[in-house]
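Observations on chain architecture
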2 protein chains.
Amino acid sequence: MSEQRRARLRLEISREAARLFWEQGVAATSGDQIAAAVGLSTRTIWRHFRSKESCAEPVIMQGVVTLVTLMRSWPRHRSLDDHLATELTRISHEPPPVDNLLAMKMIRLADTEPALRTVWLMAYDQVEREMCVIIGDRLERPAGDLEGRMYAAAAAAVVRVLDAHIGAAVLTGADLTPFTDMTAVARRIAHAIRTATGGVVGAPIA
Amino acid sequence: MSEQRRARLRLEISREAARLFWEQGVAATSGDQIAAAVGLSTRTIWRHFRSKESCAEPVIMQGVVTLVTLMRSWPRHRSLDDHLATELTRISHEPPPVDNLLAMKMIRLADTEPALRTVWLMAYDQVEREMCVIIGDRLERPAGDLEGRMYAAAAAAVVRVLDAHIGAAVLTGADLTPFTDMTAVARRIAHAIRTATGGVVGAPIA
DNA sequence: CGATATCTTGTCACTAAGTGACGCCAGCAT
DNA sequence: ATGCTGGCGTCACTTAGTGACAAGATATCG
């Protein structure tokens, strides 16, 4: 099975699962229900996900995949600030992915459902690994270097907090004007990452 | 049931569970086995833990509880570096807690067992909350402040990476001399936290 | 186009994680 | 002594998750 096809199927299952989790709660949603909603047998669900709750993972991941992609395409000669600003404004013209709202809802649920919180943390564990590669590559340090891992962990952590913050703001219907200016958002993210990495990750490389 | 008594019972269960997880693997260890090992009924195990894997949490927590305690007792007028150095050297004269090795083994298992990794991440999620209080208090910022939460998240993240690093070194039988000098260890931890918080958390407050 | 090999899914039986309900008893106050 | 409370054991039960095998889809090669 091609990697792409598998990822798409996982995402499709994840969408239905997340919808059900949000509508009726995690405990009240059974594996059978998820399977029925997506039109597969229950057995197939367990072939693609280790547990009921982890069905939410692809949707949660989708919420940060654009940022990770942007980080990956960050050219060495630019500052993170500038790169994120241009890319985010460019992307903001396109319609936002439909999964974003669903992802925020999952984060919200993770506040009260421990099982979902573990999934959320595991998703950012993946982000941390990605960051490890990106930062390690940028700093030209050996893979698995302790410094690089700390930078990556700190960067992933602040992005997670920012993500939770924005998600909470959107869902509670709070004032969203701080997040409409993509240049400002880019500056906040870049500043957070730069601060969390002691100023090491952010500047252009000569 | 007093909070203390409950915590002690949870720790007792956790020790047996961790031992079994290490000796025979997580999948091969049943709830019944854990219950038998600690001399309780299986039902009682589920009264104290949400899941089989989360039985490992108190032991994992025990591995960082000393550091969190030290952070909590950090006086405002001292630098984190100095405080940790004196306290760690003082403590290093006492015998190290017996659970430390067990905790390292759980972290090691978390590398290959996803279910245990979630528990590990959840434990550090708790550490992050603690850090939130400590840092928020020290910076005299309102509780739940976004900046404070980011500092706490970054600090908890780097401590987690350091912890994993040291644990791996101990278990693989690597050279442990870098970790014998408590002053040096304190400096590394304090430096990591200071770096991850952009230099904000670490200095004495006038 | 056809035959075969591979890969994914469905079905069914089964294990074990986790819950609800109820009764027991140790501790404690009256 | 009596009544209450809170933790524990027992047992029945639900359901998440797995193993094994058959069947259908799909790709590959002639």
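Residues numbered from 1 in each chain as written. Chains lettered and ligands numbered in written order. Predicted model: local features only at pLDDT ≥ 70, side-chain atom pairs only at ≥ 80, totals over all residues. Heavy atoms only, no water.

The number of helices and strands found in chain A is nine helices and zero strands. When the helices and strands of chain A are read in sequence order from the N terminus, they spell out α-α-α-α-α-α-α-α-α. Looking at chain A as a whole, 49% of its 206 residues are labelled buried. Relative to all contacts within chain A whose residues are 6 or more apart in sequence, the contacts with residues 24 or more apart total 70%. For chain A, the accessible surface area stands at approximately 9,900 Å², while carbon and sulfur atoms represent 54% of it. If the 25 positive side-chain charges of chain A are averaged to one point and the 24 negative ones to another, these points end up 3 Å apart. (Helix = DSSP H or I, 4+ residues; strand = E, 2+ residues; numbered from the N terminus. Buried < 20%, exposed > 50% of the residue type's maximum accessible area, 1.4 Å probe, protein only. Contact = heavy atoms within 4.5 Å. Areas by Shrake-Rupley, 256 points an atom, 1.4 Å probe, with all protein chains shown as cover. Lys, Arg positive; Asp, Glu negative; His and termini not counted. Charge placed at Lys NZ, Arg CZ, Asp CG, Glu CD.)

Now for the nonpolar core. If you look at the biggest cluster of nonpolar residues, it comprises 136 residues, and the most contacted ones within it are Phe-21, Met-106 and Ile-193 of chain A together with Phe-21, Met-106 and Ile-193 of chain B. Dropping the residues within four chain positions of it, Met-106 of chain A is found in contact with Ala-18, Phe-21, Trp-22, Ala-56, Val-59, Ile-60 and Leu-116 of chain A. (Core = buried A, V, L, I, M, F, W, Y, C linked by side-chain atoms within 4.5 Å.)

Expressed as a screw transformation, the operator carrying chain B onto chain A has a rotation angle of 180 degrees and an axial translation of 0.0 Å, and the superposed copies differ by an RMSD of 0.0 Å. Taken together, the rotation angle and the small translation identify this as a two-fold axis. Counting the interface residues of chain B, we find that 100% of their copies in chain A are interface residues as well, pointing to one common contact surface. (Least-squares fit on C-alpha atoms with pLDDT ≥ 70 in both.)

Let's shift gears to the domain arrangement of chain A. Residues and elements named next belong to chain A. Annotation of chain A at the domain level lists domain 1 (3–55) and domain 2 (57–196). On a C-alpha basis, the centroid separation for the pair domain 1 and domain 2 is 24 Å. At the interface, 13 residues of domain 1 touch 14 residues of domain 2. Taken over both partners, the interface formed by domain 1 and domain 2 buries close to 1,200 Å², and the fraction arising from carbon and sulfur atoms is 72%. At the surface where domain 1 touches domain 2, the tally comes to two salt bridges. (Domains from an automatic or database assignment. Buried area = accessible area lost by both parts, 1.4 Å probe. Salt bridge = Lys/Arg side-chain N within 4 Å of Asp/Glu carboxyl O.)

Once that is clear, we can look at the packing of aromatic side chains. By convention here, two paired aromatic rings are described through the distance between centres and the angle between planes. Residue and element names in this part refer to chain A. Taken as a whole and judged by the stated rule, the model has two aromatic pairs over all chains. Ring centres of Trp-120 and Tyr-124 lie 5.9 Å apart, and the angle between their planes is 80 degrees; on these two criteria the pair is classed as edge-to-face. Here Tyr-124 and Trp-120 lie together in helix α7 (residues 114–138), a separation of four residues that amounts to about one turn. Looking at Arg-138, its charged tip hangs above the ring of Trp-74, at a distance of 3.4 Å from the centre. Here the basic side chain of Arg-160 rests over the ring of Trp-120, its NZ or CZ set 5.7 Å away from the ring centre. (Phe/Tyr/Trp six-rings, centres within 6.5 Å; stacked < 30°, edge-to-face > 60°. Lys NZ or Arg CZ within 6 Å of the ring centre and 35° of its normal.)

In this section: the side chain of Asp-145 of chain A. Residue and element names in this part refer to chain A. Tracing the backbone shows Asp-145 in the loop between α7 and α8 (146–171). Asp-145 gets classed as buried once you look at its relative accessible area, which sits at 18%. Polar contacts involving the side chain of Asp-145 include one to the main-chain amide nitrogen of Gly-148, which spans 2.9 Å. (Polar contact = N/O pair within 3.5 Å; in protein donor to acceptor, adjacent residues only side chain to side chain.)

The tally for this structure, following the rule as stated, stands at 26 salt bridges over all chains. Between Arg-15 of chain A and Asp-99 of chain A there is a salt bridge, with its nearest N and O atoms 2.5 Å apart. Of this pair, Arg-15 of chain A sits in helix α1 (residues 3–24) while Asp-99 of chain A sits in helix α6 (residues 99–110), and the two are 84 residues apart along the sequence. Its salt-bridge partner being Asp-137 of chain B, residue Arg-76 of chain B comes within 3.6 Å of it at the nearest N-O pair. With Arg-76 of chain B in the loop between α4 (57–72) and α5 (80–93) and Asp-137 of chain B in helix α7 (residues 114–139), the pair connects residues that are 61 residues apart, well separated along the chain.

So, about the interface of chain B and chain A. Accessible area lost when the parts come together is the quantity often used to give the size of an interface. Between chain B and chain A, the residue contacts involve 28 residues of the former and 28 residues of the latter. With both sides pooled, the region where chain B packs onto chain A buries about 2,300 Å², and carbon together with sulfur makes up 70% of that total. Together, Leu-146, Met-150 and Val-161 of chain B form the three largest contributors to the area buried by chain B at its contact with chain A, with a combined 21%. Inspection of the region where chain B meets chain A yields four salt bridges. Between Arg-160 of chain A and Glu-128 of chain B there is a salt bridge, with the nearest N and O atoms lying 2.7 Å from each other. The tally of links from chain B across to chain A stands at six residue pairs in polar contact (both at pLDDT 80 or more). Where the side of chain B that touches chain A is concerned, the elements lending two or more residues are α7, α8 (146–171) and α9 (182–196) of chain B. By residue number, the principal contributor to the side of chain B that touches chain A is α8 of chain B, which donates 13 residues. Taken together, the residues of the side of chain B that touches chain A break down into 15 nonpolar, five polar and eight charged. (Nonpolar A, V, L, I, M, F, W, Y, C, P; charged D, E, K, R; others polar.)

Looking now at empty space enclosed by the protein. Following the criterion strictly, the structure yields four cavities of 30 Å³ or more and no others. Each pocket or cavity is described by its volume, and for the largest cavity that value is around 170 Å³. Taken together, 16 residues line the largest cavity, and the ones lying closest to its centre are Leu-121 and Arg-160 of chain A together with Leu-121, Glu-128 and Arg-160 of chain B. At the level of secondary structure, the elements contributing two or more residues to the lining of the largest cavity comprise α7 and α8 of chain A together with α7 and α8 of chain B. (1 Å grid on protein atoms, 1.4 Å probe; cavity = no way out; pocket = protein on both sides within 12 Å on 5 of 7 lines; lining within 4 Å. Points joined across faces, edges and corners; volume = space filled by probe spheres on them.)

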